[in-house]
Amino acid sequence: MVSPQALWWKPLHRYEKTWLIVGLVFCVFLTAMMPLWFVLGRQNVPTTTYRVDPLQYAVFVTRWAEANKVDILNNIPVVAPAPGSDVYLLGRQWQWYPVLRLQKGQTYRLHLSSQDVQHGFSLQPTNLNLQILPGYEYVATITPTTSGEFAVICNEFCAIGHHLMVGKIIVTE
Amino acid sequence: MAVTTLPAARATFRTCPVTTLKVDIAAERLIIANAVAAVVFLALGGLFALLLALTRWQAIHLLPADWFYRVLTGHGFDMLVAWIVFFEVAGLYFGSAILLNARLVGPRLAWLAYALMVVGAVLVNVMVLMGQADVLFTAYVPLKAHPLFYLGVIFFAVGALIAVLLFFATVWVAGREGRYQGSLPLVTFGLMVAAIIALYTLLSGALAFVPAFLWSLGLLPHVDPGYFRNVFWSFGHPAQQINLAAMVAVWYALATMTVGATPLNEKFSRLAFVLYALFINLGSAHHLLSDPGPSFAWKMSNTSYAMYLAVLGSLIHAFSIPGAIEVAQRRRGFTKGAFEWLRKAPWHEPGFAALVLSMILFGWIGGVTGVVIGTEQINMVAHNTLRLPGHFHATVVAGTTLAFMGLTYYLIPLIFRKELKLKKLAQWQPYVFAVGMFLAVIGMIGSGLLGIPRRHWDITFTNAPLQVTLPGAAQITLAVMGIGALIAVVGGILYLAVVLVSVFTGPRVEASRLTLVMDRRNPLVEQAIPDTGKEVTDKIAPRGTVILTFAFLVFFMAYYLTNWWLLGRTWWIR
Amino acid sequence: MSEPQAPAHEVEPQEIPRGQKLFDNWILLLLLSLAISGVLYNAWGLIELFTLPPSSVR
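Residues numbered from 1 in each chain as written. Chains lettered and ligands numbered in written order. Predicted model: local features only at pLDDT ≥ 70, side-chain atom pairs only at ≥ 80, totals over all residues.

(A) Expanded view of the overall build of chain B. When its secondary structure is counted, chain B shows 15 helices and 4 strands. Here the C-alpha atoms of chain B give a radius of gyration of 23 Å, agreeing with the 25 Å that 2.2 N^0.38 yields for 574 residues. Considered along the principal axes of its C-alpha atoms, chain B spans approximately 70 × 55 × 45 Å. In chain B, which comprises 574 residues, the share counted as buried stands at 64%. (Helix = DSSP H or I, 4+ residues; strand = E, 2+ residues; numbered from the N terminus. Rg over C-alpha atoms; globule rule 2.2 N^0.38 Å. Buried ≥ 20, exposed ≤ 12 C-beta atoms within 10 Å, placed from the backbone.)

(B) The packing of helix α11 (residues 350-373) of chain B against helix α15 (residues 543-568) of chain B, seen in detail. Residue and element names in this part refer to chain B. Between α11 and α15, the least distance of the axes is 10 Å, while the angle of their chain directions is 35°. Handedness of the α11/α15 crossing: right-handed. The segment α11 lies against α15, with Gly363, Trp364, Val368 and Val372 engaging Phe552, Phe555, Phe556, Tyr559, Tyr560 and Asn563. Grouping the constituent residues of the contact of α11 with α15 by class yields 8 nonpolar, 2 polar and no charged. (Axes fitted to C-alpha atoms, helices over the stretch in contact; angles between N-to-C directions. Left-handed = near helix turned anticlockwise from the far one by under 90°. Contact = placed C-beta atoms within 7 Å. Nonpolar A, V, L, I, M, F, W, Y, C, P; charged D, E, K, R; others polar.)

(C) Up close: the interface of chain C and chain B. Every contact between the two is made by 23 residues of chain C and, on the other side, 30 residues of chain B. For the side of chain C that touches chain B, the secondary structure elements donating two or more residues are α1 (18-24) and α2 (26-50) of chain C. For the side of chain C that touches chain B, the element with the highest residue contribution is α2(C), accounting for 16 residues. Per-class residue counts for the side of chain C that touches chain B are 15 nonpolar, 5 polar and 3 charged.

(D) Structural view of the sheet that holds strand β6 (residues 99-103) of chain A. All names here are of chain A. Spatially, β2-β3-β6-β12-β11-β8-β9 is the arrangement adopted by the 7 strands of the open sheet, whose pairing is mixed. Taken across any chain shown, the strands that pair with only one partner, and hence form the sheet edges, are β2 (69-73) and β9 (128-132). Each adjacent strand pair in this sheet contributes to an overall mean axis angle of 25°, direction not counted. Looking at chain direction, strand β8 (residues 119-124) and β9 are connected through 5 bridges and run antiparallel. Each bridged residue has a counterpart across the sheet, and for Gly120 the counterpart in β9 is Gln131. On top of the sheet, helix α2 (residues 54-68) reaches β2 and β3 (76-79); it is set at about 70° to β3, its chief contact. (Pairing = 2+ DSSP bridges.)

(E) Spatial organisation of the packing of α11(B) against helix α13 (residues 423-449) of chain B. Residues and elements named next belong to chain B. Across the interface, α11 lies against α13 with an axial gap of 8 Å and an inter-helix angle of 10°. Relative to α13, the element α11 is oriented roughly parallel. Across the interface between the two elements, Pro350, Ala353, Ala354, Leu357, Leu361, Ile365 and Thr369 of α11 pack against Ala426, Gln427, Gln429, Pro430, Tyr431, Ala434, Met437, Phe438, Val441 and Ile445 of α13. When its residues are assigned to classes, the contact of α11 with α13 shows 14 nonpolar, 3 polar and no charged. (Parallel < 35°, antiparallel > 145°, perpendicular 65-115°, else oblique.)

(F) View of the pairing of strand β10 (residues 136-143) of chain A. Along β10(A), 6 of the 8 residues are buried, which leaves the element largely enclosed by surrounding structure. In this sheet, β10(A) lies alongside strand β7 (residues 108-114) of chain A in antiparallel orientation, the contact comprising 5 bridges. Along β10(A), the bridge assignment pairs A:Leu112 with A:Tyr138. As judged from the 2 bridges shared by β10(A) and strand β4 (residues 572-573) of chain B, these two strands associate in the antiparallel manner. In the strand pairing of β4(B), A:Thr143 is matched with B:Trp572.

(G) Seen up close, the pairing of strand β2 (residues 12-15) of chain B. All names here are of chain B. Relative to strand β3 (residues 22-24), β2 is paired through 3 bridges, and the arrangement is antiparallel. Note that in β3 the partner of Arg14 across the bridge is Val23. Hairpin connection of β2 to β3: 6 residues between the antiparallel strands, including Thr20 at a positive phi of 60°.

(H) Structural detail: the confidence of the model for chain B. On average, residues of chain B score 92 in pLDDT, and 95% of them reach the 70 mark or higher. Here strand β1 (residues 3-5) of chain B stands out as the element of chain B with the lowest mean pLDDT, 51, in contrast to helix α3 (residues 107-129) of chain B, whose mean of 98 is the highest. (pLDDT = per-residue confidence, 0-100.)

(I) A look at the interface of chain A and chain B. Across the boundary between the two partners, chain A contributes 69 residues, which contact 83 residues of chain B. Elements represented by at least two residues in the side of chain A that touches chain B include exactly α1 (14-40), β8, β9, β10, β11 (148-154) and β12 (166-172) of chain A. Examining the composition of the side of chain A that touches chain B, we find that 15 residues originate from one element, α1(A), more than from any other. A breakdown of the residues in the side of chain A that touches chain B according to their chemical character gives 39 nonpolar, 25 polar and 5 charged.

(J) Examining helix α6 (residues 225-259) of chain B more closely. Residues and elements named next belong to chain B. Here α6 contains 35 residues, and its C-alpha end-to-end distance of 50 Å stays within 8% of the 51 Å for a straight helix at 1.5 Å per residue. Phe232 marks the point of greatest bend in α6, at about 30°. With 34 of 35 residues buried, α6 lies mostly within the body of the structure. Following α6 by one or two positions, Gly260 has its phi on the positive side, about 70°. (Expected span 1.5 Å × (residues − 1). Bend = angle between axes of the 7 residues up to and from the residue.)

Here's what the structure looks like:
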């Protein structure tokens, strides 16, 4: 709390030196894990993003869902896209549109964007979360590894009806 | 009380009888004003916290949805901005004018800064409670609030910016007028780093809130949401790093005041602060890891503070502060075994209890969880779940707030010049608050691991169009959070009681010693403890601290690797 | 805490190690801090946001 003596630039004690080196090695390890997982890991944050007009995206997804629907669930179309194809999901106040039916072990290009404000794509109980912004089309290449009914909830506050915003992804064997 | 007017200055000083420091009366008044405002917003934010916890505790579910989000907005601003920044401004004036024996430059401007901050904070709260700003603390565009909400934030930020600039000016002038010799004291150096981070924070705040303000007025057609997130978070995240730097400075101060610890090696401790100043702001990217737009290279470089160099800074403090305490205790004769110094530490001295509890909760829980959820890929299983509030309540509340509470008890005799009342309560308060926050944080992290979202009014989705069932165990973890919050609120009330009773009852008295409970004279003037110049011999070398820090590293590694394993269980995604 | 036998004013400025002088230079620290954060986080991040390719969705 008071000024140090005039000359304080002194060598470190051996404990301090050891701790500094151990800490530095730890930091290098933490850093290296990310590129390592980027190359070898199965779960990586998607990196493909396009600029998009929010309304244009909404119109496109509505047309796509209507054209490809195989069922209706509580007035929301259910789409069962072919494996390997482009799949679209629209977030808006307060709904994830449409309901998707995917196959376990198959890979899809899942496009995500918002029509109005920011939303949080949160797939449960798998627990996979992405931020969704209007004007940004986020493309995730996903492969469901478990089957069953998954809820898509919204985990970014999107005004008063936020807690009512849910969607569904059904994965069949 | 000796009052002197230095010829070279336009300030009036008194000499503190305990520390022999010359205290600029104008600076002292400003410190009191800012500290009082801080405590008022802490009380308001604490009330909001109680309401929120009782709502998310699903079995009680107190507030209706609109009021839940409203109160959440107010809680975020009052706690993360108003309480903390007011206290930090008090800290900056203390660390510059008082610790440097100097005059505060521009006290009139400092009052203007204070007025702007008060008006801004009141404006934000009024707009929020009127339901004109249901946008939460983050105010992500294109959610729109009333223009006066943004203006309130801007007023507050401009006021804080003036205060930060006055701190720089005061340190500069103190150096020119020769008020201190050689280097800045370590505590002031830490506050300097806090101020450097604050400058960047407040400039970023302007880049975020000025466009949003113009857009809310209709003068700008559009604010890009990605742009807003980038600049908002170089305001919102570094704002909390100011706390970190200020809190570490307070840790060093409390270690000196309670056990007479002096920095083991100035170079070691200062290196840690330099690493903070240079790299910690990059951590703003933690909020954008699961965002569309930025590349892997950007996310990785920034989230890791360019190779975790800011984490290295924290690891240094994690050694050097307990180490300094251990050496001070060993010098006093507690040299048996590895931990006698710790067993015989002054656990009944509130500043010491607050220091140790704050360090444990901040480091072991806040620090570890922060690095883990800030790992680029792991963020995907944590983003916007309750694990995030779990992390930052461990850092900002259990860490920073507890440390600041501990420091307040010592400012009351020294700055307010009132005797500390209700000492027994003050002795218990850090423990009550820490236990409450520990439970609250564990409840949040547990809920988040189950996928429970943050900022959410009803995780049972009762009226939602599709049925959603989240894991039933969340009922338990949310209850743990609620019970913890209740206990922490009790701890907060104890703090307020001690502070208010001490400040508003009883006559003005000059402090006669630095510690509150321990029977020790002031370590700043007593030279009983040999200082940093002496070699640390083997008998007093901090062996216990080495054991503690390596145990910490093992715990860190275990939690880190567990999270990679958790990530590996989810769907494949690229 | 200052060493009684070595008060600050008895040390000649040229005896102070370069590293200590560097750490004492807080204005340099401030400028470096702003530059590193401004370039690595803000500028790089915003450039990436504003050079994203357009969507093929019509």
